[in-house]
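# Reading the structure
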Amino acid sequence: MERWNGRVAVITGASSGIGAAIAKELAQAGLVTVGLARRVERVDALRDQIPKQFSANLHAIKCDVSKEEDICRAFQEIVAKFGGIDVLINNAGIVRESMRLLSEDSEGAQPLRDILDTNVLGLTLCSRKACKSMRDRSVDGHIIHINSIAGHRVLNFPHMNMYSASKFAVTALTETMRNELREMKSKVKVTSISPGVVKTEIIDAMDNHKDFPMLEPKDIADAVLYVLGTPAHVQVHELTIKPVGEDF
């Protein structure tokens, strides 16, 4: 991790769960860490959860990644304040558990758009902004997508169908980005990290999932540190992590 010391890392969805855990670990690893979130005050509060000598490494910027104008503004601010982006962690993601694909309800198509705008388009637009910053400065950076096992296998959770579709898109986008970067002769890395069930606020709100074996958010943060710590010539394409005893 020494080569990343003082470099700029951006984490989307940094206000809680996996994103918050990653932000704390990267700040303590010496990176200038920028947490993007709608609940920006919660990112600010993370400084109190890390040793004081690292708290100045953590910065918060308000951003809703489902909105293109928010993404443009946030990345412009990052470039202006910190000079550019060296590491991007695409962590922001949402799920709408109560929705079935084939059931019409009063909400119409908006819940579907919300998932795709955040999990797919937001990830893509943030990656585009980060990649431009890396290439403009000839930086061999790293883009990491927090994917899911649901992006590799459709699980039998009927209320989460669009979520799985969005994560399958992340799996495809990971390979598409890697192909594009190779064609550009770029050394920027792209990695997908696909956890099983992780104990986060999303899971806490789902009564029927509380008895599952679960990973902790820090387990995923440790995985991020691992892939970032690989030598420059090593690219981890896909890293799948499951809790012991998970049966899907």
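Residues numbered from 1 in each chain as written. Predicted model: local features only at pLDDT ≥ 70, side-chain atom pairs only at ≥ 80, totals over all residues. Heavy atoms only, no water.

## Details of the overall build of the protein
In terms of helices and strands, the protein carries eight helices and seven strands. Here the C-alpha radius of gyration of the protein, 17 Å, is about what a compact globule of 248 residues would show, namely 18 Å. If one aligns the C-alpha atoms of the protein with their principal axes, the spans along those axes are about 50 × 40 × 35 Å. Across the protein, contacts joining residues at least 24 apart in sequence account for 72% of those joining residues at least 6 apart. Carbon and sulfur atoms make up 51% of the accessible area of the protein, which totals about 12,100 Å². Once the 31 positive and 32 negative side-chain charges of the protein are each reduced to a mean point, those two points are 5 Å apart. (Helix = DSSP H or I, 4+ residues; strand = E, 2+ residues; numbered from the N terminus. Rg over C-alpha atoms; globule rule 2.2 N^0.38 Å. Contact = heavy atoms within 4.5 Å. Areas by Shrake-Rupley, 256 points an atom, 1.4 Å probe, with all protein chains shown as cover. Lys, Arg positive; Asp, Glu negative; His and termini not counted. Charge placed at Lys NZ, Arg CZ, Asp CG, Glu CD.)

## Thoughts on the packing of aromatic side chains
Applying the stated rule across the entire model yields one aromatic pair. Aromatic side chains phenylalanine 157 and phenylalanine 212 sit 6.1 Å apart centroid to centroid with 25 degrees between the ring planes, which places their arrangement in the stacked category. With phenylalanine 157 in the loop between β5 (142-146) and α6 (161-183) and phenylalanine 212 in the loop between α7 (201-204) and α8 (217-228), this residue pair connects regions lying 55 residues apart in the sequence. You can call phenylalanine 157 partly exposed: its relative accessible area is 23%. The partly exposed category is assigned to phenylalanine 212, whose relative accessible area is 27%. (Phe/Tyr/Trp six-rings, centres within 6.5 Å; stacked < 30°, edge-to-face > 60°. Buried < 20%, exposed > 50% of the residue type's maximum accessible area, 1.4 Å probe, protein only.)

## Here's the deal with the nonpolar core
Counting 32 residues, the largest nonpolar core has Ile22, Leu26, Ile89, Ile146, Ile193 and Val224 as its most contacted members. Put simply, the parts of the chain that give this core at least two residues each are β1 (8-12), α1 (17-28), β4 (87-90), β5 and α8. In terms of residue count, α1 provides more of this core than any other element does, seven residues in total. Not counting residues up to four positions away in its chain, the partners in contact with isoleucine 89 are Val10, Ile11, Thr12, Ile22, Leu26, Ile144, Ile146 and Val224. Ranked by size, the runner-up nonpolar core spans 30 residues in total, among them Ala92, Leu125, Leu173 and Val188. (Core = buried A, V, L, I, M, F, W, Y, C linked by side-chain atoms within 4.5 Å.)

## Points about the layout of surface pockets
What the second largest pocket holds in volume is close to 280 Å³. For the second largest pocket, the lining is made up of 17 residues, of which Ser186, Lys187, Val188, Lys189 and Ala232 are closest to its centre. Listed by contribution, the elements that provide at least two residues to the lining of the second largest pocket are α6 and β6 (189-195). Ranked by residue count, the leading element in the lining of the second largest pocket is α6, at three residues. Across the lining of the second largest pocket, the residue classes break down as six nonpolar, four polar and seven charged. (1 Å grid on protein atoms, 1.4 Å probe; cavity = no way out; pocket = protein on both sides within 12 Å on 5 of 7 lines; lining within 4 Å. Points joined across faces, edges and corners; volume = space filled by probe spheres on them. Nonpolar A, V, L, I, M, F, W, Y, C, P; charged D, E, K, R; others polar.)

## What to know about the side chain of aspartate 70
Structurally, aspartate 70 can be placed in helix α4 (residues 68-82). An unpaired buried charge is present at aspartate 70: no salt bridge exists, and arginine 73, the closest side chain of opposite charge, is 4.1 Å distant. When residues no more than four places from it in sequence are discounted, the contact partners of aspartate 70 are Cys63 and Asp64. (Salt bridge = Lys/Arg side-chain N within 4 Å of Asp/Glu carboxyl O.)

## What to know about the pattern of salt bridges
Here the structure, examined in full by the defined rule, presents eight salt bridges. Here arginine 47 and aspartate 44 are joined by a salt bridge, their closest N and O atoms 3.2 Å apart. A relative accessible area of 28% places arginine 47 in the partly exposed class. The network of salt bridges with common partners includes Arg7, Asp86 and Arg137.

## What about the packing of α1 against α8?
One can describe the packing of α1 onto α8 by two numbers: an axis separation of 8 Å at closest approach and a directional angle of 50 degrees. Taken as axis vectors, α1 and α8 run oblique relative to one another. Note that α1 runs across α8; the crossing there is right-handed. From α1, Gly17, Ile18, Ala21, Ile22, Glu25 and Leu26 reach across to α8, where they touch Pro217, Lys218, Ile220, Ala221, Val224, Leu225 and Leu228. Taken together, the residues that form the contact of α1 with α8 break down as ten nonpolar, one polar and two charged. (Axes fitted to C-alpha atoms, helices over the stretch in contact; angles between N-to-C directions. Parallel < 35°, antiparallel > 145°, perpendicular 65-115°, else oblique. Left-handed = near helix turned anticlockwise from the far one by under 90°.)

Take it as geometry only, folks, not as evidence of what the structure does.
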